[in-house]
Amino acid sequence: MKLKIVALISIMLPACAMEGHEESKKTNKETIMDQHSYAKPAESVVTHLKWDAVVDFENKKIDGVATLHLKNSDDAKEVILDTKALNIEKVLVGKKEVKFTLGEADKNLGSALTIPIKSSTDSVTIYYSTSEGAEALQWLTPMQTAGKKHPFLFTQSQAILARSWVPIQDSPGIRFTYEADVKVPSELLALMSAENPQEKNDKGEYHFVMDRPIPAYLLALSVGDLEFEPIGDRSGVYAEPSVIDAAAYEFEDLEEMISAAESLYGPYQWGRYDLLVLPPSFPFGGMENPKLTFATPTILAGDKSLTSLVAHELAHSWSGNLVTNATWNDFWLNEGFTVYFENRIMEKMYGRDFSEMEASLAYQGLVAEIDDMKNNGSGDDTKLKLDLSNRNPDDGVTSIAYDKGYLFLRSQEEKVGREKFDAFVKDYFTSNAFSVMTTEEFIDLLDKNLYQKNGLIMDTAKINEWIYKPGLPTDAPKPTSDKFAKVDEQMSRFLTETEASDLDVEGWSSQEWLHFVRSIPANLTKDQMKALDDAFGFTKSGNSEVLTEWLVQSIRHNYEASFDELIHFLVNTGRRKFLMPLYQEMVNSECCASMATSIYATARPNYHFVSTNSLDELLNYNK
Ligand code: BES
Ligand code: ZN
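The rules we used
Residues numbered from 1 in each chain as written. Chains lettered and ligands numbered in written order. Predicted model: local features only at pLDDT ≥ 70, side-chain atom pairs only at ≥ 80, totals over all residues. Heavy atoms only, no water. Axes fitted to C-alpha atoms, helices over the stretch in contact; angles between N-to-C directions. Helix = DSSP H or I, 4+ residues; strand = E, 2+ residues; numbered from the N terminus. Parallel < 35°, antiparallel > 145°, perpendicular 65-115°, else oblique. Left-handed = near helix turned anticlockwise from the far one by under 90°. Contact = heavy atoms within 4.5 Å. Nonpolar A, V, L, I, M, F, W, Y, C, P; charged D, E, K, R; others polar. Pairing = 2+ DSSP bridges. Near = heavy atom within 4 Å. Polar contact = N/O pair within 3.5 Å; in protein donor to acceptor, adjacent residues only side chain to side chain. Areas by Shrake-Rupley, 256 points an atom, 1.4 Å probe, with all protein chains shown as cover.

Caption draft 1: Local environment of the packing of helix 6 (residues 399–416) against helix 9 (residues 460–468). Between helix 6 and helix 9, the shortest axis-to-axis distance is 10 Å and the interhelical angle comes to 165°. Considering their axes alone, helix 6 and helix 9 lie roughly antiparallel with respect to each other. Pair helix 6 / helix 9 crosses with left-handed handedness. Of the residues in helix 9, those touching helix 6 at Lys404, Leu407, Phe408, Ser411 and Gln412 are Ile463, Trp466 and Ile467. In terms of residue class, the contact of helix 6 with helix 9 is built from 5 nonpolar, 2 polar and 1 charged.

The following block contains the structure:
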């Protein structure tokens, strides 16, 4: 039976969730639908979570007690929570045990947990444990860590996986504060998306407080043999002991980055900003967990060349974490704004030449992906406003939200000029802090606060084209880089018989190298591949972006000299953005399709659910 799932979200913030903080200026009672949550917040909405948990590495489970504080309507009869593969032991309303119902499990959404309440009910308490199928959690053996001595656990909740480790209303439109008491083995440190400890204690007991309301997808926990190293007064980095020095060096400019961000769009609102460098199986480059960005170790290039990823996650502290997409159909509001903000931070820190290289690389990727999507029948997903009903919200994680979203905002900047656009964006973050945003409300705000306020007229037809039509408008901004034009010249020289070692590559940044490797034509011979590799050492590149691009080219050109490195990289890295193009290229190739299957069989146990979920489909893997 197909379940019909429709959750209503009130975009009015519960007043108690704002206690001690700025009152929400909005009393917008309009309700919007989140198809990815069972919650009915208009009847009963979670405002605070008190979480007690014991992390059990032996049995790979968390035993938890979640007390949820509620705000109810006058005629409230039940509160509905999202859960996925949780073992619910008992439920209390106040102090009294009650009968609850756990609905049928949907593949994407999990099961609704329905608890009978009265309008006067303050809180419900759920005793539960996680199961082996907890999709947010990755339990690592000691061998899967840098130190090889201790196990490790981390969570990845976005988009709708928080429900697999906490029973909660798992919708980006619902915000709550939280506190937690977490017990872990005494040789390990626990960290959350909250106020964090900086060192271990003998008992292995840690207390956490997040006093600003956040949506469930920003709940995060990590447990491992971790150390802390301060960077600035309000920033620092956590990593395994053998990684901490490299991490502290790579992120040395973090404080400057935070200041650059603040100078653009207003004060950082979350107190501390720390980074956590995870083991390499982390499925994303970064995840903007409040106060503590989770990051992949693949950005430790040794030369600070990949820190735009930190700018990106930091920017989410405004776009996404302060002003949050109302549903996953509005995902571009989180990511497009963040890419725009990231680009502005990079421009401020390293100059326009640099940020235009990054924008050009993204543009190339976007054009190629739009083409692919149109050819494989997902043309509708090239619209900014998505329709993800009855689908996994992960389907919306494409460069559309990121880079088409970015270009749309850049088109608005170019239309009205930077000064007016920046004033609009800054006010947008301030006026809508700790609240949710729909695409439609954003367009309204754009009209009122950017156009009308400045005596300008918004071109509604054009805006609608950007938001509701597939592909890119013909007049979309097209980032161009003079530096890349020079890289192209060197590639032409190489293709017309100049020795690789005679090319003029002096002082190239990793962005220029990336562009160079991307421009390798399909008909390059294996000898030419070898000549490039001999001259520039691509197979040994310490820059994971350049290496991935090179390995893609190696598969395409059946350049076998890189295959050992390819296997090593795939077995030891779990970042989906790198895995997908590499496996995809093998699947498409004549040389390497069966190699893909055999590597995957070895590597799969090292990957997080987020990555295996995508790769199982690509590789037709039968669990
Ligand atoms: N919030 C995203 C990661 C994400 C998106 C997780 C959707 C789950 C569902 C994060 O901010 C992100 O965009 N990461 C990118 C960074 C890059 C664009 C700089 C990544 O992981 O590659
Ligand atoms: Zn992001």
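Caption draft 2: Highlighting the sheet that holds strand 9 (residues 111–116). One open sheet accounts for 3 strands, arranged 5-9-8; its pairing is antiparallel. Unpaired on one side and paired on the other, strand 5 (78–83) and strand 8 (101–102) mark the two borders of the sheet. In this sheet, strand 9 lies alongside strand 5 in antiparallel orientation, the contact comprising 6 bridges. Across the sheet, Leu81 pairs through a bridge with Leu113, a residue of strand 9.

Caption draft 3: Expanded view of the site of ligand 1. Around ligand 1 sit 16 residues in total, of which Gln158, Gly285, Glu288, Glu313 and Tyr402 are the nearest. Take Gln158: an N or O atom from its side chain is 2.7 Å from a nitrogen atom of ligand 1. Burial of ligand 1 by the surrounding chains reaches 90%, relative to a free accessible area of 530 Å². Grouping the amino acids of the shell around ligand 1 by side-chain chemistry returns 6 nonpolar, 6 polar and 4 charged.

Caption draft 4: Structural view of the sheet that holds strand 18 (residues 235–239). Strands sit in the order 17-18-19-21-20 across an open sheet of 5 strands; the sheet is mixed. Whereas interior strands pair on both sides, the edge strands pair on one side only; in this sheet they are strand 17 (227–232) and strand 20 (286–287). Across 2 bridges, the pairing between strand 20 and strand 21 (residues 292–295) is antiparallel. Paired with Gly286 across the bridge in strand 21 is Ala295. Lying over the sheet, helix 2 (residues 254–265) contacts strand 17, strand 18 and strand 19 (273–277), oriented at roughly 130° with respect to strand 18. Those strands touched by helix 3 (residues 308–315) are strand 19, strand 20 and strand 21, and its axis lies near 130° from that of strand 19.

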